[in-house]
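Here are the chains, one letter per residue:
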Amino acid sequence: QVQLVESGGGLVQAGGSLRLSCAASGRTFSSYAMGWFRQAPGKEREFVAAITWSGGSTYSADSVRGRFTISRDNAKNTVYLQMNSLKPEDTAVYYCAAKYGGLNLVQRASAGYYDYWGQGTQVTVSS
């Protein structure tokens, strides 16, 4: 079992940057593909980015590509989401998620595909 704890959220002006972290418990973190999702009020949870267990491949949603970067440090059991050029529409609760094993290229953007979730961290971007 994996427990995930996100941090790094906050209030930032449009155009600013934030780096989210997701710390995972357990000795098998490197066996999990990781993803970031977000959910704005009244909207469904949506895929943001994902990374394979090795960190060798990353994937991101069209809405954040070129602005957000996912990375991981398996020695620290942590996955990151670097968010640059933030926009008001990026305002949401951001969640990290873990999927044991490989990252299915079709299902990676589906919230139901992941096995474990963190509690979320709020990101608010003011205009």
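Structure first, text after, so check above.
Residues numbered from 1 in each chain as written. Predicted model: local features only at pLDDT ≥ 70, side-chain atom pairs only at ≥ 80, totals over all residues. Heavy atoms only, no water.

J.: How do you make sense of the sheet that holds strand 1 (residues 4-7) when you look at a structure like this?
T.: In a beta sheet, neighbouring strands pair by backbone hydrogen bonds and run either parallel or antiparallel. The strand order across the open sheet formed by four strands is 1-3-8-7, and the pairing between neighbours is antiparallel. Each having just a single partner strand, strand 1 and strand 7 (68-73) make up the two edges of the open sheet. Ignoring strand direction, the axes of neighbouring strands in this sheet form an average angle of 15°. Of the pairings in the sheet, the one linking strand 3 (residues 18-24) to strand 8 (residues 78-83) comprises six bridges and is antiparallel in character. Considered in strand 8, the bridge of Arg 19 is made with Gln 82. (Pairing = 2+ DSSP bridges. Helix = DSSP H or I, 4+ residues; strand = E, 2+ residues; numbered from the N terminus. Axes fitted to C-alpha atoms, helices over the stretch in contact; angles between N-to-C directions.)

J.: Where do I start with the pairing of strand 8 in this structure?
T.: One face of the sheet, then the other: side chains in a regular strand alternate in exactly this way. Taking burial as the measure, the six residues of strand 8 include five buried ones, the bulk of the element. Direction of pairing for strand 7 relative to strand 8: antiparallel, over a ladder of six bridges. Note that in strand 8 the partner of Ser 71 across the bridge is Tyr 80. The antiparallel pairing of strand 7 with strand 8 creates a hairpin that spans four residues between the two strands, and Asn 77 there sits at a positive phi of about 55°. (Buried < 20%, exposed > 50% of the residue type's maximum accessible area, 1.4 Å probe, protein only.)

J.: How do you make sense of the pattern of salt bridges when you look at a structure like this?
T.: Any two side chains of opposite charge can pair, on the condition that their charged atoms come close. Across all of its chains, the model carries five salt bridges by this definition. Arg 38 is the salt-bridge partner of Asp 90, the closest N and O atoms lying 2.9 Å from each other. One end of the pair, Asp 90, is in the loop between strand 8 and strand 9 (92-100); the other, Arg 38, is in strand 4 (residues 32-39), and 52 residues separate them in sequence. Classification of Asp 90 as buried rests on a relative accessible area of 0%. Residue class for Arg 38 comes out buried when judged on its relative accessible area of 5%. Arg 67 serves as the salt-bridge partner of Asp 90, at 2.8 Å between the closest nitrogen and oxygen. Here Asp 90, found in the loop between strand 8 and strand 9, pairs with Arg 67, found in the loop between strand 6 (58-60) and strand 7; they are 23 residues apart in sequence, far enough to count as distant. Within this structure, Arg 38, Glu 46, Arg 67 and Asp 90 form a network of salt bridges that share partners. (Salt bridge = Lys/Arg side-chain N within 4 Å of Asp/Glu carboxyl O.)

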